[in-house]
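So the chains spell out like this:
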Amino acid sequence: MNNNYELLNMHMNRLVAQARQDVYTLSTLTNSAMTQQILQRLWDTLSSIQLVSEIMVNQVSSPSIPDSMPEPDHAYLGNPAIPPITPTPPLQTHQQTNRDITVEELATFDGKNGRPAYVAVNGTVYDVTNNRAWAAATHFALPAGRDYTSEFATCHAGQQSILATLPVVGRLV
Amino acid sequence: MEDQILPPESLTSEAIASRLTNNVSEQINNGLIKKQNLVYLELNGCSGNIISLLNGQNPDFEYTLNSMVDLRYSNSLMAAEGEQAVEKLMEVLEEDFILAVEGAVALKNNGLYNVIGRWEGEPFTGLQAAKLLGEKASHILAVGACATHGGVSAAKPNPSESVGLQSVLPEKKMIKLTGCPVHPDWFLGTLAHLLLYGEPETDNLDRPLMFYSTLIHDRCPRRPFFDRGIFAEKLGDKACLFKLGCRGPVTRVDCPTRQWNGHVNWPIGASTPCIGCAQFGFPDAMEPFINYDTTRIVEDE
């Protein structure tokens, strides 16, 4: 636990240094196009500081805090497209790729009771368990575990990029 | 860059708001801006938006009434009642006015499911009022979920056959302020923008970009928990509320920085998931509001 505390402390110091650097950069910036990105990073850094401080406080009362602190990708600067978010560590361990899944089988992957949440579009089955638009394994009143080919075409016609960010788990047969 | 206000001038919300309101008072006193008539119509809803509005600060409601607009009609706030009140409403029709509407328009039985008064001995329905005033208004603000798309009033099974304001005024341009209820700043800010600079810039769903442009998820103080896959298992947990059904990742509005009840707190700050009330489709499309049967296996302690 002591090691963990030191790790958190180091992490906190690094975040504070990052925040100071960003504040300094903002004060010298003449190119206002960069401001938004740096403010975004500053916001994220502050949120992380809050997170780490809460974990440090919790550690005093309860020991059930994850031992490792995996780093999320901060790709805001230099890359305007914020990358798709994949929580780490991955929560499913039984994931098989590119296997055949029947409609009946698909219906069991409804994201309930610890099961992963899958949906099918155009014959491909995608994992939406940790997709940010599928909170509680539902998306705008559509529950997971079904084929949404026509629904996808209605709302996201031509937006193949949405599908490209989702992990593929198999084919619908 | 040269337009920015740099320190040591105070940059708190209160200071910025007071600079703005002083500026507007001055311009009104100098005759540069004219006070405009405002009609605030309450149709089929719960009056939640006007109650929320009374909680406004920077500017507060008193300032709005005294200095920004002439409030000519409001179901809840005016002193006149009965046919006299409707008479006031009819008088405004001869003049220029901004129309703000909260609540949905009930269509069933030709609007008889929502009667807001009596006019010339006949019941005066919300449907009549919306059409009559909507056609004449210089600007229209649809305030709250019911007015923008039907909201709670139009939730299944919708016995009153309620619809959003746009459905009865299909040709009219309107500014849509979603939310249940609308934050006082969203309404008063949009109104102030209308008076000062004209219509604010809106997105393709007619929502003002100044309030409805960022996702709650992108400004959520609990975002690091999401990024690391640490999820709350019950209400009140301090981690990310995504697995319980939080709609922050799909809801565009500034709640995390704006906050409610005099900028004190907001749903996620109180450890309850965002229910997506500022989304078109709320409430039906946003369910379940809370879900304990989650994708994450809850391990025994």
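Residues numbered from 1 in each chain as written. Chains lettered and ligands numbered in written order. Predicted model: local features only at pLDDT ≥ 70, side-chain atom pairs only at ≥ 80, totals over all residues. Heavy atoms only, no water.

Looking at an unreviewed UniProt entry, one finds chain B named Ni/Fe hydrogenase, with Halalkalibacillus sediminis as its source organism. Looking at the Sequence similarities (unreviewed entry) heading of the UniProt record, one finds this comment for chain B: "Belongs to the [NiFe]/[NiFeSe] hydrogenase small subunit family." Regarding chain B, the UniProt comment filed under Subcellular location (unreviewed entry) reads as follows: "Cell envelope". (UniProt positions renumbered as here; feature names shortened; annotations may be inferred.)

Points about the nonpolar core
All names here are of chain B. Counting 37 residues, the largest nonpolar core has L141, V143, W186, F187, L191 and I268 as the members making the most contacts within it. Residues lining this core come from more than one domain, with at least three contributed by each of domain 1 (14–208) and domain 2 (216–286). Among residues more than four places away in sequence, those in contact with L141 are L99, A100, V101, I175, F187, T190, L191 and L194. One finds V39, M90, A129 and V163 within the second-largest nonpolar core, a separate group that totals 29 residues. (Core = buried A, V, L, I, M, F, W, Y, C linked by side-chain atoms within 4.5 Å. Buried < 20%, exposed > 50% of the residue type's maximum accessible area, 1.4 Å probe, protein only. Domains from an automatic or database assignment. Contact = heavy atoms within 4.5 Å.)

Description of the pairing of strand 3 (residues 124–127) of chain A
All names here are of chain A. Alternating positions in strand 3 separate into two faces, T124 and Y126 on one and V125 and D127 on the other, with burial throughout. Here four bridges tie strand 2 (residues 118–121) to strand 3, and the two strands are oriented antiparallel to one another. Bridge pairing in strand 3 places Y118 opposite D127. The antiparallel hairpin formed by strand 2 and strand 3 contains two residues in its connecting segment, where N122 sits at a positive phi of about 50°. (Helix = DSSP H or I, 4+ residues; strand = E, 2+ residues; numbered from the N terminus. Pairing = 2+ DSSP bridges.)

Digging into the environment of A142 of chain B
Residue and element names in this part refer to chain B. Tracing the backbone shows A142 in strand 7 (residues 139–143). Linking A142 and I33, residues 109 residues apart in sequence, is a C-alpha distance of 24 Å. The contact partners of A142, leaving out residues within four places of it in the chain, are V101, A147, T148, L165, M174, I175, K176 and L177.

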